[in-house]
Amino acid sequence: MNAQTAITEGHADTPKGNYLTNGSTLASWLLTKDHKRIAIMYLISVSVFFMMGGLYAATIRLELLTPASDLVETATYNKVFTQHGILMIFFFLIPSIPAILGNFLLPLMIGAKDLALPRINLLSLYIYWLGGGLTLFALMQGGVDTGWTFYTPYSTTFSNSFVMFVGLGIFINGFSSILTGLNFIVTIHTMRAPGMTWFRMPLFVWAHYATSLVMILGTPVVAITVLLLAIERATHVGIFDPSIGGDPILFQHMFWFYSHPAVYIMILPGMGVISELISNFSRKKVFGYEFIAFSSIAIAVFGFLVWGHHMFVSGQSIYAGMVFSFLTMVVAVPSAIKMFNWTATLYKGSISFDTPMLYAIGFMGLFLIGGLTGLFLGAIGLTVHLTDTYFVVAHFHYVMVGGQVIAYLGGIHYWWPKMTGRMYSEFWGKISAMLVFVGFNLTFFPQFILGYQGMPRRYAAYPEELQVLNIFSTAGASVLGIGLIMPAIYLTHSLIFGKKAGDNPWMHPGLEWRTSSPPPTENFDVMPVVTWEAYEFGEESGLDLEGAKRRDAAGVA
Amino acid sequence: MADTHNEHDHEHMNIPKYIGIFMILVVGTIATYYAATVDMDRFFPGANTLVALLIAFTKMTFVMLFFMHVYWSKRLIWLAAVGSFFWLAIMFAYTMQDYLTRGSGTFSG
């Protein structure tokens, strides 16, 4: 079967229905095994957690508008920044791209009918709800004040907040992550369509493969660490508390063995999204496909070797610090490979500045700053000055918000027409993308300076001479907040009032664009046979641009 | 395919063999208890911990090979199992490089 035939046969001119119309009862959603419906339920759930985490962020920025601790008490402030971190990291940043975009797109991109383990996929959602529900319950009961890192011995011995409940929530939620990663690996190994070789897979899939490895290898360790913390807290067995024979630095080793790679669980899927956006909106084959693919694996592997750079001033051995510092510099190499290759892809590309591409370009600039400032913090001497200052906060947010959140937004905008069958307003999309970019920089760039000037993180009060930059930061957070609320409005609006998207509104060659929008429950009416390379815009891909335009015109009409 | 795989496993394992493996695990548990009551640290510091870990490692190997059927699995499964051990070794090794060099050498003061 040649490429053109495969595409024509894989495409339904008159789709029988789609995954959204295949049952409308609550049970049809709650008991579904369709990866697309599960992804939509994740989208709603994760968005709720994102909004809650955002409210805590707004409280932090409002408190820091003035030097005195006048909006909330200092003890409450401890809880506010802790809960901001816990909700954002464990319930938004980690699951967002894999559980929403990965769940929805991975089978479509490799030509599969579903994930390999659909019931496990639904189970992972239920586990996420259970873990999230327990955590929310604990927050409503009074919350937790340990910081999202749960450092011992404060968390085991001194804190009188709801450490056990929140720890249990995170412990349970970890299994959701493990099951999702397991499902992706099995699916990629066993469910690829005929002709979809490893090196024809979209880089989004490679990124999710690497992410899944980290999820499976790292998440059990944090689960065990939190469990040990709970055991010590409940039974006073000496594990981490030095007063009863434990070692608090052991907690940090175990915690960061997972939690540093967790940064890559958050950012690697984002990098996968950016690879798709850069290549497709440049209408050009990605530069150095194999290097980008293997750099994802390299990041996943090297990411496990650098955790000690979070512990330079903890009392860790100086020799261990030197080894971790060196390895931290090494992990910058595969990230740089991606940046250089994306830039080379743009060169002489036919670039269009649609909303997703604005996010992708924004990502490149912001992640560059986030990555390079990471080298400052990885340098064992300089970091003594910068540890626990706002420099760390700024660096982390440049990677996580400037990287992951921007990539997530870019991905949501890019695949929204496929997920819903509707187009959103490009005008408002572009306005929102620019507000997010400007607001983000205004919020977090001043924090580099504040940190370098010595403003510590996790304090509700600060010296008066630091107020101007804090006002900039809070003002920026307002702009960022508006920029983030806007997509929630115009994307929801598009569900009813948006024009029909057509099957391939961007005219891109990926398999996900070769089925109807929204896709049928089985994803493809006929099993696709892949005869073209990834990001192939030439005739070899069988991309029937004229036909697609005709179908879209008919669909819109 | 999956059915064939299960049938293949059943050829190798049966109830008496499962009970045999279980008994090995019980013996290992008892050995762990008694090893903890003997002061082996007089030979070298940490000897008790080392013995406890060796017994635990042996028990874990039996569980993986026979209860989890890795022994009869294809190479990809072996790779996953060995890779997991390698990752565990990374965590142990890099944590121990901290403990074993703490407070010693040029920077000890």
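Residues numbered from 1 in each chain as written. Chains lettered and ligands numbered in written order. Predicted model: local features only at pLDDT ≥ 70, side-chain atom pairs only at ≥ 80, totals over all residues. Heavy atoms only, no water.

Chemist: Explain the overall build of chain A to me, using residue names and the numbers behind them.
Modeler: Broken down by element type, chain A carries 17 helices and zero strands. Over its C-alpha trace chain A gives a radius of gyration of 23 Å, about what one expects of a compact globule, namely 24 Å for 557 residues. Viewed in the frame of its principal axes, chain A has a C-alpha envelope of about 70 × 45 × 45 Å. Counting every position in chain A, which comprises 557 residues, the buried fraction comes to 59%. Summarising the internal contacts of chain A: among those between residues at least 6 apart in sequence, 83% fall at separations of at least 24. For chain A, the exposed surface amounts to about 20700 Å²; the carbon and sulfur share of it is 71%. Positive and negative side-chain charges in chain A, numbering 27 and 29 respectively, have mean positions lying 7 Å apart. (Helix = DSSP H or I, 4+ residues; strand = E, 2+ residues; numbered from the N terminus. Rg over C-alpha atoms; globule rule 2.2 N^0.38 Å. Buried < 20%, exposed > 50% of the residue type's maximum accessible area, 1.4 Å probe, protein only. Contact = heavy atoms within 4.5 Å. Areas by Shrake-Rupley, 256 points an atom, 1.4 Å probe, with all protein chains shown as cover. Lys, Arg positive; Asp, Glu negative; His and termini not counted. Charge placed at Lys NZ, Arg CZ, Asp CG, Glu CD.)

Chemist: Pulling in residues and values, what's your account of the interface of chain B and chain A?
Modeler: The partner chain A presents 22 residues to the 16 residues of chain B that form the contact. Carbon and sulfur atoms supply 72% of the area buried between chain B and chain A, which totals about 1700 Å² over both sides. Across the contact surface, chain B and chain A share one salt bridge. A salt bridge links R102 of chain B to D247 of chain A; the shortest N-O distance between them is 3.9 Å. Split into classes, the residues belonging to the side of chain B that touches chain A amount to seven nonpolar, seven polar and two charged. (Buried area = accessible area lost by both parts, 1.4 Å probe. Salt bridge = Lys/Arg side-chain N within 4 Å of Asp/Glu carboxyl O. Nonpolar A, V, L, I, M, F, W, Y, C, P; charged D, E, K, R; others polar.)

Chemist: Break down the packing of aromatic side chains for me, citing the residues and quoting the values.
Modeler: All names here are of chain A. Taken as a whole and assessed by the stated rule, the structure comprises 55 aromatic pairs over all chains. Pairing W198 with Y209 gives two aromatic rings, centres 5.4 Å apart and planes at 85°, and the pair type is edge-to-face. Here the residue W198 occupies a position in the loop between α7 (163-190) and α8 (203-235), and Y209 occupies one in helix α8, the gap between them amounting to eleven residues. Taking relative accessible area as the criterion, Y209 reaches 13% and is therefore assigned buried. Each ring, one from F199 and one from F294, has its centre 5.8 Å from the other, and the planes form 55°; the classification is tilted. (Phe/Tyr/Trp six-rings, centres within 6.5 Å; stacked < 30°, edge-to-face > 60°.)

Chemist: Describe in detail helix α14 (residues 390-420) of chain A, supporting the description with residues and values.
Modeler: Side chains three or four residues apart in an α-helix point the same way, a direct result of the helix having 3.6 residues per turn. Residue and element names in this part refer to chain A. Remark: the principal bend of α14, roughly 40°, maps to Y414, with a proline, P417, within the next four residues. In terms of residue burial, α14 counts as a mostly covered element, since 30 of its 31 residues are buried. Just downstream of α14 lies G421, where phi reads positive at about 80°. (Bend = angle between axes of the 7 residues up to and from the residue.)

Chemist: I'd like to hear about a nonpolar patch on the surface, residue by residue, with values.
Modeler: Taken together, the side chains of I15, I19, F22, M23, F67 and M68 of chain B make up a nonpolar region of the molecular surface, amounting to roughly 610 Å² of accessible area. Inspection of the secondary structure puts F67 of chain B in helix α3 (residues 47-67). (Patch = residues over 30% accessible without salt bridge, like charges linked within 9 Å, V, L, I, M, F, W, Y side chains within 5 Å.)

Chemist: I'd like a rundown of the confidence of the model for chain A, residues and numbers included.
Modeler: For chain A, per-residue confidence averages 92 on the pLDDT scale, and 94% of positions sit at 70 or higher. For residues 1-14 of chain A, every residue scores under 50 in pLDDT, and the model assigns this stretch 29 contacts once sequence neighbours within four places are set aside. (pLDDT = per-residue confidence, 0-100.)

Chemist: Mind laying out the domain arrangement of chain B, listing which residues take part and the relevant values?
Modeler: Accessible area lost when the parts come together is the quantity often used to give the size of an interface. Residue and element names in this part refer to chain B. When its domains are assigned, chain B resolves into domain 1 (2-73) and domain 2 (74-109). At the interface, nine residues of domain 1 touch seven residues of domain 2. Between domain 1 and domain 2 the total buried area reaches about 610 Å² when both faces are included, carbon and sulfur atoms providing 83% of it. Three residues stand out in domain 1 for area buried against domain 2, namely M64, V70 and S73, and they jointly supply 62% of the buried area on that side. Counting the contacts that link domain 1 with domain 2 gives zero salt bridges. Inspection of the region where domain 1 meets domain 2 yields one residue pair in polar contact (both at pLDDT 80 or more). A class-by-class count of the residues in the side of domain 1 that touches domain 2 yields eight nonpolar, one polar and no charged. (Domains from an automatic or database assignment. Polar contact = N/O pair within 3.5 Å; in protein donor to acceptor, adjacent residues only side chain to side chain.)

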